[in-house]
Amino acid sequence: MVEIRKPIQVAEAVERVMNNVHKLGTETLPLEDTYGRVLAAPIIAKHDVPPFDRSPYDGFAIRAEDSAGASGTDRKAFHVIGEIGAGHVADRPLERGESFRIMTGALIPEQADAVVMLEQTVENEGGFTLRKPFETGENISRQGEDMRQGETLIEAGTIIHPGTIALLATFGYAEVCVAKRPIAGVLSTGTELLRVTDELEPGKIRNSNGPMINAQLTRIGIDYKSYGMMEDDLSACTEIVKKALEETDLLITTGGVSVGDYDYLPKIYESLGAEVLFNKVAMRPGSVTTVAVLGNKLLFGLSGNPSACFTGFELFTRPAILSMMGCTAPYMPRIQAKLGDDFKKANPFTRFVRASWSMTNEGIIATPAGFNKSSAVSSIARGNCIIVLPSGTRGFEKGMSVDVLLLGTEQGAECWEL
Ligand code: AMP
Ligand code: MG
């Protein structure tokens, strides 16, 4: 008899997964190894930035008062008493009518309170003249104008990107406290599966889910241990799942979660004593997505259908992994866009459509990326986002406003009009 499963809403499913996330703790790493990691502590400004008043231009440091009354017919003359390159300091304060030639980034000398850009001067022997008065503070980068000592700049739970690295370097963080990263186990099940290197045979297909999931993990900076492919064999699959659970922090399987004769994952969860959080979600594709928990470890039973598998990872596995690392924004970014094509088929389940978004004169348009069945591989490859079409009795028309979940940023623009 076919088991009747009761679907739960996507939001409820996500919540159940997130409620079962166990944080992994922290570790301290050299700065250069922290790209993509999650900050375990906030970044607090250890000092002002810039740490001293400095010149934003190549020019001359002057006392503004000496330029008072300057005009085209009454040019004020300055005597240049020396040069300050970036990294150097003046050997004495300025006096009336004097200036230092100063380079971008150099510390403003004592008594100087304005910088004249080279282009604003006419040089002469021993100095220069200028034709406009300067105000105190003009063309000076003030100490602390970027960041003030003690300020909290980036909160814990933020993913470190190149800008964050720059900030950490600015404050001398040679080592950074970050969240530990989980190791994910990946296992593809299905007797029909061939390796990438195998020739096709009747009834068989190459395993695309395994490499895809590995890459989805890599995209969020997560290491994986691949358990390859297993035929649909209950005892062999059970053994490998047990082994994987000993060796990894979470397990992602693909295939075998449906109600077919050879779908063994539900039996495996049962025999391991894992608690099934859900085994049916009101979504297309991927309604059979199943998530179980054993001890501290989540078991993601993703559908074998490639589009369902892909979507299941992005909706459930990705936020769970990021949350294990304490990431405070673990969900894919969401924007609104106009639907680029009709999607007339009404559905009682929320539909996640692989799509491609782009900016046009009419705003952001998200267009379904072709063949969109749950078995599709092509639309995963062509898509750069996922359109969310709410469940209901009506279809969707081109031009309607829809929610769009953004995927990675591999897809570039062919040209820019900036
Ligand atoms: P299942 O979830 O095991 O019922 O599989 C659903 C569909 O996905 C079947 O047509 C499978 O052949 C296909 N499939 C299962 N695993 C994979 C895989 N690793 N790569 C590509 N297709 C798969
Ligand atoms: Mg199968």
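Refer to the structure printed above.
Here the residue numbering is sequential within each chain, running from 1 through the sequence in written order. Chains and ligands are labelled by the order in which they are written, letters from A for the one and numbers from 1 for the other. Given that the model is predicted, a residue must reach a pLDDT of at least 70 before its local features are reported, and side-chain atom pairs must reach 80 or more before they are shown or counted; all residues, however, enter totals for whole chains, interfaces and linings. Calculated side-chain values reflect all of the structure's heavy atoms, with hydrogen atoms and water omitted.

Q: Describe in detail the pairing of strand β18 (residues 290-294), supporting the description with residues and values.
A: Each residue is placed in one exposure class: buried if its accessible area under a 1.4 Å probe, protein chains only, is under 20% of its type's maximum, exposed if it is over 50%, and partly exposed if it falls in between. Secondary structure follows DSSP: runs of H or I at least 4 residues long count as helices, runs of E at least 2 residues long count as strands, and numbering of each begins at the N terminus. Among the 5 residues in β18, 4 count as buried, and that is most of the element. Two strands pair when backbone bridges link them, and strand β16 (residues 275-278) and β18 are joined in this way by 3 bridges, in the antiparallel orientation. Note that in β18 the partner of Glu 275 across the bridge is Val 293. Sheet analysis places β18 next to strand β19 (residues 297-302), joined by 5 bridges and oriented antiparallel. Looking at the pairing, Thr 290 lines up with Gly 301 of β19. Think of it this way: DSSP has to see at least two bridges between two strands before they count as a pair. Hairpin connection, β18 to β19: the antiparallel pair is bridged by 2 residues, and Gly 295 has positive phi, about 60 degrees.

Q: Summarise the site of ligand 1; cite the residues concerned and give the values.
A: A single heavy atom is enough: if one lies within 4 Å of a molecule or strand, its residue is considered near that molecule or strand. Lining the immediate surroundings of ligand 1 are 16 residues, of which Glu 192, Asn 207, Ser 208, Gly 256 and Gly 304 lie closest. Within the contact set of ligand 1, a nitrogen atom lies 3.1 Å away from a backbone nitrogen or oxygen of Ser 208. Pairs of N or O atoms are called polar contacts if they sit within 3.5 Å, as long as, within protein, a hydrogen donor faces a hydrogen acceptor (for residues adjacent in sequence, only side-chain-to-side-chain pairs). Here Gly 256 contributes a backbone N or O atom positioned 2.9 Å from an oxygen atom of ligand 1. Areas reported here follow the Shrake-Rupley algorithm with a probe of radius 1.4 Å; residue values treat only the protein chains shown as occluding. Relative to its free-state accessible area of 490 Å², ligand 1 is covered by the protein chains to the extent of 78%. Residues that form the shell around ligand 1 fall into these classes: 3 nonpolar, 10 polar and 3 charged. Charged means Asp, Glu, Lys or Arg here, nonpolar means Ala, Val, Leu, Ile, Met, Phe, Trp, Tyr, Cys or Pro, and polar covers whatever is left, Gly included.

Q: Please provide a residue-by-residue account of the pattern of salt bridges, values included.
A: Any carboxyl oxygen of Asp or Glu that lies within 4 Å of a side-chain nitrogen of Lys or Arg is treated as forming a salt bridge with it. Counted by the stated rule, this structure contains 20 salt bridges. The shortest N-O distance in the salt bridge between Arg 181 and Asp 223 comes to 3.8 Å. Linking Arg 181 in the loop between β10 (175-179) and β11 (183-189) with Asp 223 in strand β14 (residues 223-230), this pair joins segments that are 42 residues apart in sequence. Look at Arg 181 and you get partly exposed, because its relative accessible area is 29%. Where Arg 334 meets Asp 403, a salt bridge forms, and the shortest distance between an N and an O atom there is 3.4 Å. Taken together, the positions of Arg 334 in strand β20 (residues 334-339) and Asp 403 in strand β24 (residues 401-406) put the pair 69 residues apart, joining distant regions of the chain. Look at Asp 403 and you get partly exposed, because its relative accessible area is 23%. Salt bridges sharing common partners tie together Arg 219, Glu 314, Arg 318 and Glu 410.

Q: Tell me about the packing of helix α1 (residues 10-18) against helix α6 (residues 306-324), residues and numbers included.
A: To get an axis, fit a line to the C-alpha atoms, keeping to the stretch in contact for a helix; angles then go from 0 to 180 degrees between the N-to-C directions. Where α1 contacts α6, the two axes come as close as 9 Å, and the packing angle between them is 30 degrees. As α1 runs across α6, the sense of the crossing is right-handed. Seen from α1, the contacting residues are Val 10, Ala 13, Val 14, Val 17 and Met 18; seen from α6, they are Leu 315, Phe 316, Pro 319, Ala 320 and Ser 323. A breakdown of the residues in the contact of α1 with α6 according to their chemical character gives 9 nonpolar, 1 polar and no charged. Crossings are classed by handedness, with left-handed meaning an anticlockwise turn of the near helix from the far one by less than a right angle and right-handed meaning a clockwise turn. Contact between two residues is taken to exist if any of their heavy atoms lie within 4.5 Å; hydrogens are not considered.

Q: Please provide a residue-by-residue account of the sheet that holds strand β5 (residues 98-102), values included.
A: Pairing in this open sheet of 6 strands is mixed, and the strands run β6-β3-β5-β4-β8-β7 from one edge to the other. The sheet is open, and its two edges are formed by β6 (114-117) and β7 (121-124), each paired on a single side. Across this sheet, the average inter-strand angle for adjacent strands is 35 degrees, counted without regard to direction. The sheet contact formed by strand β4 (residues 76-84) and β5 spans 5 bridges and is parallel. Of the residues in β5, the one forming a bridge with Ile 84 is Ile 102.

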